[in-house]
Amino acid sequence: MSRTVLITGATGTVSNALMNALDGTDVVLRALVRDEARADGPRERNAEVFIGDLDDARSLPPAFAGVQDLWLLTPNGPRAPEHSMNAMWAARQAGVERVVRLSVVGAAHDAPNRSGRLHALSDHETVRSGMRWTILRPHWFMQNLLNEAGDIAASGTFATNMASARIGMIDVRDIAECAAQVLLDGPDRHHGETYTLTGPRSLTFDEVAGQMSLALGRSVAYLPVSDDAKRETLLGYGVPAWIVDMLEEYARAYVSGWGDFTTDTVAGLLGRPARDLTDFARDHATAFTATG
Ligand SMILES: NC(=O)c1ccc[n+]([C@@H]2O[C@H](COP(=O)([O-])OP(=O)(O)OC[C@H]3O[C@@H](n4cnc5c(N)ncnc54)[C@H](OP(=O)(O)O)[C@@H]3O)[C@@H](O)[C@H]2O)c1
């Protein structure tokens, strides 16, 4: 019998890619969406949409009834553990069999960034939930570079406070395909596993710029800037201060070498190499070249 998978974060980057990866398989897709006005994307992927908010535990039970698998993605922010707790409680009450949780690279109680420490709390909750579980801990998303697409398209440059940090960055499509594989493999196969997912190479942002130049056929240059300059830019775009602080903690950790590693877990799960930055840049060339 087909299994029903509840997708949280269904309008966001990773869960969108996961719904693409599950499209055409025999799972029944169900999407939790906060706002009916944003439900078109999940519906186009044949997901049954339930309106619910991870802030509000009382809004969740209908979406969880009859679900076997929970894909649990919590948005970045100080309330992430509460969001996880609300979803996990709704899952327990509904008799959900398995949770596949999106965590983050290096999640630990002593991680040098608040997101890693918050995810560690929810990872712990997942492990002790009594449900079958798998935790995915992806590295820095290549798709974060899309935040720089406007600058790259307009000026051929992008500025960030990563100095000469090396990062084993990963394409979100690979995270999604790993999650889909775990979900399609059935509840026992990956139970109790925590997978750290990276791309195939650990790259500096100078190297990223070089790869993008080759893929796009035009010059792209990386401009290192100070933490303060980056902070001012992000705050100017209206990014909340909590997120700006979190990003600065990550940048400092990466500059110290914390993210300079890769794993072969994606290849192990998918039976093919992880996508390279060149693949990402080529497949998103329009975003990096379109102006206006
Ligand atoms: N960026 C990275 O490099 C990186 C690396 C590793 C791990 N991560 C982890 O990835 C996760 C973020 O994934 P993403 O980039 O795919 O997220 P995203 O694109 O920012 O999307 C967040 C999703 O969460 C939904 N959401 C927000 N508040 C909600 C609430 N109160 N109730 C229900 N849904 C809510 C949003 O829905 P709306 O449409 O209603 O806003 C959206 O669907 C975080 O846990 C982060 O720590 C990120």
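Structure: see above.
Described below are features of the structure shown in this document.

Parameters and conventions
Residues numbered from 1 in each chain as written. Predicted model: local features only at pLDDT ≥ 70, side-chain atom pairs only at ≥ 80, totals over all residues. Heavy atoms only, no water. Helix = DSSP H or I, 4+ residues; strand = E, 2+ residues; numbered from the N terminus. Rg over C-alpha atoms; globule rule 2.2 N^0.38 Å. Buried < 20%, exposed > 50% of the residue type's maximum accessible area, 1.4 Å probe, protein only. Contact = heavy atoms within 4.5 Å. Areas by Shrake-Rupley, 256 points an atom, 1.4 Å probe, with all protein chains shown as cover. Lys, Arg positive; Asp, Glu negative; His and termini not counted. Charge placed at Lys NZ, Arg CZ, Asp CG, Glu CD. Expected span 1.5 Å × (residues − 1). Near = heavy atom within 4 Å. Polar contact = N/O pair within 3.5 Å; in protein donor to acceptor, adjacent residues only side chain to side chain. Nonpolar A, V, L, I, M, F, W, Y, C, P; charged D, E, K, R; others polar.

So, on to the overall build of the chain. Secondary structure assignment for the chain yields 13 helices and 9 strands. In terms of C-alpha radius of gyration, the chain reaches 19 Å, essentially the compact-globule figure of 19 Å for 292 residues. Dimensions of the chain, computed from C-alpha atoms along their principal axes, come out at roughly 50 × 40 × 35 Å. In the chain, which comprises 292 residues, the proportion classed as buried is 51%. Considering only residue pairs separated by 6 or more positions, the chain has 75% of its internal contacts joining residues 24 or more positions apart. A total accessible area of about 12,900 Å² is found for the chain, and carbon and sulfur atoms account for 49% of it. Considering the chain, the positive charge centre built from 27 side chains and the negative charge centre built from 37 side chains are found 3 Å apart.

Attention now goes to helix H8 (residues 205-216). Compared with an ideal rise of 1.5 Å per residue, which puts 12 residues at 16 Å, H8 spans 16 Å between its outermost C-alpha atoms and is within 8% of the ideal. When we look at burial in H8, the residues that qualify are Phe-205, Val-208, Ala-209, Gln-211, Met-212, Ser-213 and Leu-216. Looking at the buried side of H8, the elements it contacts are helix H6 (149-155), strand E7 (157-160), strand E9 (221-224), helix H12 (277-283) and helix H13 (285-289). Just past H8, the residue Gly-217 takes up positive phi, approximately 70°.

Contacts to the ligand come from 26 residues, most closely from Thr-11, Arg-34, Arg-38, Asp-53 and Thr-74. Between Asp-53 and the ligand, the recorded distance is 2.7 Å, taken from a side-chain N or O atom to a nitrogen atom. A distance of 3.2 Å is found between an oxygen atom of the ligand and a side-chain nitrogen or oxygen belonging to Asn-76. Its free accessible area being 940 Å², the ligand has 82% of it covered by the protein chains. When grouped by side-chain class, the residues that make up the shell around the ligand number 10 nonpolar, 12 polar and 4 charged.

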